[in-house]
Amino acid sequence: MNDAQPLKSLEEWEDDLLRRYPDPESIAIGKSEEEFRNYDNPARDTVREFYRLNHTYQTYEFVLQKEAQYLTFDKKEMPVWDAFEFLNQLVDDSDPDTDLDQFQHLLQTSEAIRADGHPDWMVLTGLLHDMGKVLCLFGEPQWAVVGDTFPVGCAHSDRIVYPEFFAYNPDSKDERYNTKYGVYEPNCGLRNVHMSWGHDEYVYHMVKDYLPEPALYMLRYHSFYAQHREHAYDHLMDDHDREMFKWVKLFNPYDLYSKNPNPPDWPKLRPYYEDLVAKYLPATLKF
Ligand SMILES: [Fe+2]
Ligand SMILES: [Fe+2]
């Protein structure tokens, strides 16, 4: 196994999120509690190793470098529909449990949002939210694509998962970056804060000219569990962020709890989604 790719598939990170934040409805009916609480799962070691790498190497400098490398969007250009096929190359067929590909997860998320009657741009947000995982196909290691995100350039909260691994991050010993506010001002607003690099920040920039602001917050901060679940970075947020995070919180359960063994009926759904994509997005997206 490639040292930088400890997870057998990207879903291992998401399965671990479900152990940390189990579906309150399943818990209530006593359905999957045992499974959620199973901490002896061998997958946990790979998740641990994944976070060791993530927390060690996601430095302020690293993030600035990745922003410069990817936010030029000069790598590839394709229709959204081709991009979903490109994304599906991430399916790992060595993993027998992964019978749902990336597109199925996106479609299940968007269908759950649609079933609850939310606005169509939020349905589209569900469909697009993990598009940034194409970073893997551009050769980025897992720890620079998925995982909980967190601000860089200031102290790491101990409410981020596996906080002990930040001891290996050189920023934790650099006095420019290891104070409460680091390079930032109190309540400066998240738009002024650099987040650890991954699929959230990438997809946000990819579509930021086409979707309403609540959608952009959902995309950009959907893996920022230290804030939307743990409230560890209130001191960097402004009032506008607080307002917009209501949307991020609304989105999160659709991402985590919409997984379902029955794949959606894509041929039947296709016309609706083709219209939806055409309504908001240009004919091609730049990567
Ligand atoms: Fe995601
Ligand atoms: Fe997701």
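Residues numbered from 1 in each chain as written. Chains lettered and ligands numbered in written order. Predicted model: local features only at pLDDT ≥ 70, side-chain atom pairs only at ≥ 80, totals over all residues.

### As for the nonpolar core
In this structure, Val203 and Leu219 are the most contacted members of the largest nonpolar core, which totals 63 residues. It is helix α10 (residues 213–221) that provides the largest number of residues to this core, a total of six residues. Leave out the neighbours within four places in its chain, and Leu219 touches Thr125, Leu128, His129, Asp200, Val203, Tyr204 and Val207. (Core = buried A, V, L, I, M, F, W, Y, C linked by C-beta atoms within 7 Å. Buried ≥ 20, exposed ≤ 12 C-beta atoms within 10 Å, placed from the backbone. Helix = DSSP H or I, 4+ residues; strand = E, 2+ residues; numbered from the N terminus. Contact = placed C-beta atoms within 7 Å.)

### Remarks on helix α7 (residues 102–115)
Over its 14 residues, α7 extends 20 Å from the first C-alpha to the last, a length consistent with the 20 Å expected when each residue adds 1.5 Å. When α7 is considered as a whole, its buried residues turn out to be Gln102, Phe103, His105, Leu106, Leu107, Gln108, Thr109, Ser110, Glu111, Ala112, Ile113 and Arg114. Elements that come into contact with the buried residues of α7 comprise α6 (80–87), α8 (120–128), α12 (239–257) and α13 (266–280). Following α7 by one or two positions, Gly117 adopts a phi angle in the positive range, close to 80°. (Expected span 1.5 Å × (residues − 1).)

### Topic: the packing of α8 against α10
In the contact formed by α8 and α10, the axes pass within 10 Å of each other and the chain directions differ by 20°. Classified by the angle their axes make, α8 and α10 are roughly parallel. Crossing handedness for the pair α8 and α10: right-handed. Contact with α8, carried on its side by Trp121, Met122, Thr125 and Leu128, involves Ala215, Met218 and Leu219 of α10 and no other residues of that element. Across the contact of α8 with α10, the residue classes tally to six nonpolar, one polar and no charged. (Axes fitted to C-alpha atoms, helices over the stretch in contact; angles between N-to-C directions. Parallel < 35°, antiparallel > 145°, perpendicular 65-115°, else oblique. Left-handed = near helix turned anticlockwise from the far one by under 90°. Nonpolar A, V, L, I, M, F, W, Y, C, P; charged D, E, K, R; others polar.)

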